[in-house]
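Per-entry structural report
Each chain is listed here by its residues.
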Amino acid sequence: MLKTVPFSAGCRWLAAAALSICVGAGTAAAGTLDTVKQRGTLNCGVSQGLAGFSDRDGQGVWNGFDVDFCRAVAAAVLGDPAKVTFVPLSATERFEALKAGRIDILSRNSTWTLEREVSLGLLFAGITYHDGQGFMVLRRPAITSALELDGVGVCVQEGTTSALNVADYFRANSMKLTLHTLPTSAEALKALESGRCDVLTTDQSALFAERLKLAKPGEAVILPDVISKEPLGPVTRADDLGWYNIVKWVNFALVNAEELGISRATVDEALRSTKPDVRRFTGAEAGLGSKLGLDDAFAVRAIRAVGNYAEVYERNVGAGSRLGIPRGMNQLWSMGGILYAPPMR
């Protein structure tokens, strides 16, 4: 027998044994695709300034890994990667902004956790960046490991998973911790530079970005220790599965394009390919786009706009960028990493 179960995201769930079906989405995110098309622009939540991920240059133009993902979605949905309105959000306000409908998608170095997805009524549309929490020390070159940090003062930004992770790490290793929680990443970095704390902790990718802001970046050392799993990815509301699927498959398209050898430079060649998997990707056959409510060239437009995953990564955060972060775990599964996307078929 089916019964109705309330759900915080606005759905009424019919539950019978192990079966749950959402039968009544709330109005907050119903028809997001139609709303975006009618508005003519994608509202994308990003950070307030994190080099390599979402930051503005001297002319006020947004750039970065997370920014490029928003442009890929805009290209897939609206046919133009420029049709994005970027909304800078703090760590504490990002999820509420998404729930309230101020943004259509959150693309802001956000960690996928059970509590965030279930308690907040949100859905993470896959992982775009596999990360882990680390530590950065300043003017203490003798420290080479996080296990040498017993008794130090650690700065962390509020509203993140980092505070709980670092507390767990110190407790598990029987070390004493003085935690300084700051409202913004800028304040946390300033506290480190001023000597208020000895260590800054956050995702390792963010540490590479924050180090660039120091007056003397060469004095900062990012320790090799990684103390957590931080799967970062775009987020949508849970009451519009159609929109969630669009965002998810744009993500997967960037990864599959790299695996298939489809890049900005080779996309025209791919359109002439006779290979079945390439023809499905480009929309030459199978009609996959229509299953998402888009036309069949959605993936091609995303690649024309920003390139495949490797191009997005290397341009913004890779070895040749200012951040200089090796691919590591974010290498394709076939190349020794853990980056993997379901097939487009």
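Residues numbered from 1 in each chain as written. Predicted model: local features only at pLDDT ≥ 70, side-chain atom pairs only at ≥ 80, totals over all residues. Heavy atoms only, no water.

1. Overview of the environment of methionine 344
- Mapping methionine 344 onto the fold places it in the segment after α13 (309-316).
- Spatially, the C-alpha atom of methionine 344 lies 50 Å from that of arginine 139, the residues being 205 residues apart in sequence.
- Residues in contact with methionine 344, not counting those within four places in the same chain, are Trp249, Ala253, Asn256, Arg280, Phe281, Leu288, Phe298 and Ala299. (Helix = DSSP H or I, 4+ residues; strand = E, 2+ residues; numbered from the N terminus. Contact = heavy atoms within 4.5 Å.)

2. Quick look at the sheet that holds strand β14 (residues 199-203)
- With mixed pairing, five strands are arranged side by side in an open sheet as β13-β12-β14-β11-β15. The sheet terminates laterally at β13 (178-182) and β15 (220-222), the two strands that pair on one side only. Across the sheet, the mean angle from the axis of one strand to that of its neighbour is 30°, orientation sign disregarded.
- Pairing geometry for strand β11 (residues 133-138) and β14, over five bridges, is antiparallel. Residue pairing across strands places glycine 134 opposite threonine 202, the latter belonging to β14.
- Together, β11, β14 and β15 form the strand contacts of helix α7 (residues 204-211), whose direction differs from that of β14 by roughly 125°. (Pairing = 2+ DSSP bridges. Axes fitted to C-alpha atoms, helices over the stretch in contact; angles between N-to-C directions.)

3. Considering α7
- Counting buried positions over the eight residues of α7 gives seven, a clear majority of the element.
- Check the buried side of α7 and you find it contacts β10 (129-131), β11, α6 (185-194), β14, β15 and β16 (230-232). (Buried < 20%, exposed > 50% of the residue type's maximum accessible area, 1.4 Å probe, protein only.)

4. A short note on the packing of aromatic side chains
- Overall, the coordinates contain 13 aromatic pairs when judged by the stated rule.
- With a centroid separation of 5.9 Å and 40° between ring planes, the pair formed by tryptophan 62 and phenylalanine 86 is classed as tilted. Remark: phenylalanine 86 occurs in strand β7 (residues 84-88) and tryptophan 62 occurs in strand β6 (residues 62-63); sequence separation between them is 24 residues. Phenylalanine 86 shares its class with tryptophan 62; the two are buried. (Phe/Tyr/Trp six-rings, centres within 6.5 Å; stacked < 30°, edge-to-face > 60°.)

5. Structural notes on the pattern of salt bridges
- Counted by the stated rule, this structure contains 10 salt bridges.
- One salt bridge in this structure joins arginine 304 and aspartate 268, with 2.7 Å as the shortest N-O distance. Note that arginine 304 is positioned in helix α12 (residues 298-306) and aspartate 268 in helix α9 (residues 267-271), a separation of 36 residues in sequence.
- Overall, the relative accessible area of 42% leaves aspartate 268 in the partly exposed class. (Salt bridge = Lys/Arg side-chain N within 4 Å of Asp/Glu carboxyl O.)

6. A closer look at the state of the cysteines
- Throughout the structure, instances matching the rule amount to two disulfides.
- Cysteine 44 shares a disulfide with cysteine 70; S-S distance 1.8 Å. Placement of cysteine 44 in strand β4 (residues 42-46) and of cysteine 70 in helix α2 (residues 65-78) is noted, with a sequence separation of 26 residues between them.
- The exposure class assigned to cysteine 44 is buried, which follows from its relative accessible area of 0%.
- Cysteine 70 gets classed as buried once you look at its relative accessible area, which sits at 0%.
- Shown here is the disulfide that connects cysteine 155 with cysteine 197, its sulfur atoms set 2.1 Å apart. Its torsion about the S-S bond being -115°, the disulfide of cysteine 155 and cysteine 197 is classed as left-handed. Pair noted here: cysteine 155 is in strand β12 (residues 153-157) and cysteine 197 is in the loop between α6 and β14, with a separation of 42 residues, a long-range link. The burial state of cysteine 155 is the same as that of cysteine 197; both residues are buried. (Disulfide = S-S within 2.5 Å.)

7. Things to note about the environment of aspartate 168
- In this fold, aspartate 168 is placed in helix α5 (residues 162-172).
- As for aspartate 168 and arginine 102, which are separated by 66 residues in sequence, their C-alpha atoms are 34 Å apart.

8. What to know about the side chain of serine 107
- Tracing the backbone shows serine 107 in the loop between β8 (105-106) and α4 (114-119).
- A distance of 3.0 Å separates a polar side-chain atom of serine 107 from the backbone oxygen of aspartate 66.
- Once residues lying within four places of it in the same chain are set aside, the contact partners of serine 107 are Cys44, Gly45, Val46, Asp66, Phe69 and Cys70. (Polar contact = N/O pair within 3.5 Å; in protein donor to acceptor, adjacent residues only side chain to side chain.)

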